[in-house]
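# Results of the structural survey
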Amino acid sequence: MNKIIYTKNAPDAIGPYSQAYLCGNTLYTSGQIAINPENNEFIGGNIEEQTQRVMKNLKAVLNEAGFDFEDVVKTTCFLKNMGDFQKFNEIYGKYFTSKPARSCVAAAQLPKDALVEVEVIACK
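Figured I'd write up the structure that's included with this text. These figures come from a predicted structure and were not determined experimentally.

## Things to note about the side chain of glutamate 117
With respect to the secondary-structure elements, glutamate 117 resides in strand S8 (residues 116-123). Setting aside its immediate chain neighbours within four residues, glutamate 117 contacts Gly31, Gln32, Ile33, Thr76, Cys77, Phe78, Leu110 and Pro111.

The following block contains the structure:
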């Protein structure tokens, strides 16, 4: 079963894509940045504030599809500044306690000039 996933508890897509796509037992999320789903406004702030918002957004998308952080098998993380790596990891580690596989790269520029973007793949 293939299905587009949408929840009002995560930000609307800011382009021609879905929040996530369920393909069989595997969920692929789009990258999440620090947008508040209540008003679809970018929250700005520091790396800690943005990472917390990103994790809340991911949780909402995962939950809508019947998944949680324990089901995540791979993450891809984009940081504007690798100097934020340690602060990002401190928050990231509180959510991804199952330690999925991960890539983390520096990105010259992210949408809305975000400091962080994270996408995940989860399996049941």
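## Overview of the side chain of glutamine 50
Mapped onto the secondary structure, glutamine 50 falls in helix H1 (residues 47-64). On the accessibility criterion, glutamine 50 (2% relative accessible area) is buried. Of the polar contacts made by the side chain of glutamine 50, one reaches the backbone oxygen of glycine 44; its length is 3.4 Å. Discounting chain neighbours no more than four positions away, the residues touching glutamine 50 are Ala34, Phe42, Ile43, Gly44, Gly45, Ala114, Leu115 and Val116.

## Thoughts on the pattern of salt bridges
Enumeration over the complete set of coordinates arrives at two salt bridges. Among the salt bridges present, the one from aspartate 71 reaches lysine 124, with a minimum N-O distance of 3.3 Å. Highlighted residues: aspartate 71 in the loop between H1 and strand S6 (72-79) and lysine 124 in the segment after S8, separated in sequence by 53 residues. In this structure lysine 124 comes out as exposed when scored by relative accessible area, which is 57%. Put simply, lysine 80 and aspartate 113 hold a salt bridge, and the shortest N to O gap is 2.8 Å. With lysine 80 in the loop between S6 and helix H2 (85-95) and aspartate 113 in the loop between strand S7 (101-106) and S8, this residue pair connects regions lying 33 residues apart in the sequence.

How each quantity is defined
- Residues numbered from 1 in each chain as written.
- Predicted model: local features only at pLDDT ≥ 70, side-chain atom pairs only at ≥ 80, totals over all residues.
- Heavy atoms only, no water.
- Helix = DSSP H or I, 4+ residues; strand = E, 2+ residues; numbered from the N terminus.
- Contact = heavy atoms within 4.5 Å.
- Buried < 20%, exposed > 50% of the residue type's maximum accessible area, 1.4 Å probe, protein only.
- Polar contact = N/O pair within 3.5 Å; in protein donor to acceptor, adjacent residues only side chain to side chain.
- Salt bridge = Lys/Arg side-chain N within 4 Å of Asp/Glu carboxyl O.

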